[in-house]
Amino acid sequence: MSTRYAARAAAPETPHIHRTLTGSKQTNIERVRNARAQIAKKITDGEEWLLPLLKRFNAELAQLEEAQNLLLQAAEIANHAAPHRAA
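Calculation criteria
Residues numbered from 1 in each chain as written. Predicted model: local features only at pLDDT ≥ 70, side-chain atom pairs only at ≥ 80, totals over all residues. Heavy atoms only, no water. Core = buried A, V, L, I, M, F, W, Y, C linked by side-chain atoms within 4.5 Å. Buried < 20%, exposed > 50% of the residue type's maximum accessible area, 1.4 Å probe, protein only. Helix = DSSP H or I, 4+ residues; strand = E, 2+ residues; numbered from the N terminus. Contact = heavy atoms within 4.5 Å. Salt bridge = Lys/Arg side-chain N within 4 Å of Asp/Glu carboxyl O.

(A) View of the nonpolar core. Core analysis: the biggest nonpolar cluster contains nine residues, these being Ile 29, Val 32, Ile 39, Ile 43, Leu 50, Leu 54, Phe 57, Leu 61 and Leu 64. Among the elements of the structure, helix 2 (20-44) and helix 3 (51-86) are those that each provide at least two residues to this core. Those residues in contact with Leu 64 that sit more than four places away from it in its chain are Lys 25, Asn 28, Ile 29 and Val 32.

(B) Examining the environment of Arg 36 more closely. Topologically, Arg 36 is positioned in helix 2. Accessibility expressed as a relative area gives 29% for Arg 36, which makes it partly exposed. Apart from residues lying up to four places away in sequence, Arg 36 is in contact with Leu 54, Phe 57, Asn 58 and Leu 61.

(C) Region of interest: the pattern of salt bridges. Under the counting rule described, the total for this entry stands at three salt bridges. Note that Arg 33 is salt-bridged to Glu 65, the shortest N-O span being 2.6 Å. One end of the pair, Arg 33, is in helix 2; the other, Glu 65, is in helix 3, with 32 residues separating them in the sequence. Assessed through its relative accessible area of 28%, Glu 65 is described here as partly exposed.

The following block contains the structure:
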């Protein structure tokens, strides 16, 4: 058995994937949501020239949320697989 696998087998507890990556995504999502809300308010106040910007924010928000969901899914899969690897 190589030392890499021996160290993994000797580890006292199962490693878990930290959600720091999703935290930065969440921060970006909140920024885009706040900006989108401000743009929406201005549009409802009559500034229709901002419609393309709202469209862009909607697309960016969808992209960020999809990436965050994929990161969460990957972390869940990795955390579930970790006990099986250690065994």
